[in-house]
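Structural features, examined
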Amino acid sequence: MPSSKEYLNFILEQLSTLADITYKAMMGSYLIYYRSKLVGGIYNDRLLVKPVKSAISYMPRAEYSLPYSGAKEMLLVDNVDDKAYLAGLFEAMYDDLPMPKAKK
């Protein structure tokens, strides 16, 4: 099931306190970037983030979920209604996320 543009817009609005949030449409889902680093994505109208140490610490009871068949597990963000919580999560994760690979 593809993710809806409405849910993407909702998540972008929730992250509006952060500068440099971008997204890329990808096969019915949306990849979410913070300051050029891939944080996670929206899959089936669910926000999932990479399971880096800081995200696991920030959300110790988070459920692991597959974004799609054959993918690596990611953390399901269930508190998407709280803008400050989401901004804090993305800020906490930033240093643990890998730098984007250089384009050839």
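For the structure itself, look to the data block above.
Residues numbered from 1 in each chain as written. Predicted model: local features only at pLDDT ≥ 70, side-chain atom pairs only at ≥ 80, totals over all residues. Heavy atoms only, no water.

The computed volume of the largest pocket comes to approximately 340 Å³. Lining the largest pocket are 16 residues, and of these Met26, Leu31, Tyr43, Pro67 and Tyr68 lie nearest its centre. Among the secondary structure elements, those contributing two or more residues to the lining of the largest pocket are β2 (29-34) and β3 (37-43). Counting residues per element, the lining of the largest pocket draws most heavily on β3, which supplies 3 residues. Looking at the lining of the largest pocket residue by residue, the class counts come to 10 nonpolar, 4 polar and 2 charged. (1 Å grid on protein atoms, 1.4 Å probe; cavity = no way out; pocket = protein on both sides within 12 Å on 5 of 7 lines; lining within 4 Å. Points joined across faces, edges and corners; volume = space filled by probe spheres on them. Helix = DSSP H or I, 4+ residues; strand = E, 2+ residues; numbered from the N terminus. Nonpolar A, V, L, I, M, F, W, Y, C, P; charged D, E, K, R; others polar.)

Attention now goes to the nonpolar core. If you look at the biggest cluster of nonpolar residues, it comprises 28 residues, and the most contacted ones within it are Val49, Val77 and Phe90. Where this core is concerned, the elements lending two or more residues are α1 (5-14), β2, β3, β4 (46-49) and α3 (83-94). Counting residues per element, this core draws most heavily on α3, at 7 residues. Non-local contacts of Phe90, meaning those with residues more than four positions away in its chain, are made with Leu15, Leu18, Ile21, Ile32, Tyr34, Val39 and Val49. The next biggest cluster of nonpolar side chains, apart from the first, holds 6 residues, and it includes Tyr33, Tyr43, Met74 and Leu76. (Core = buried A, V, L, I, M, F, W, Y, C linked by side-chain atoms within 4.5 Å. Buried < 20%, exposed > 50% of the residue type's maximum accessible area, 1.4 Å probe, protein only. Contact = heavy atoms within 4.5 Å.)

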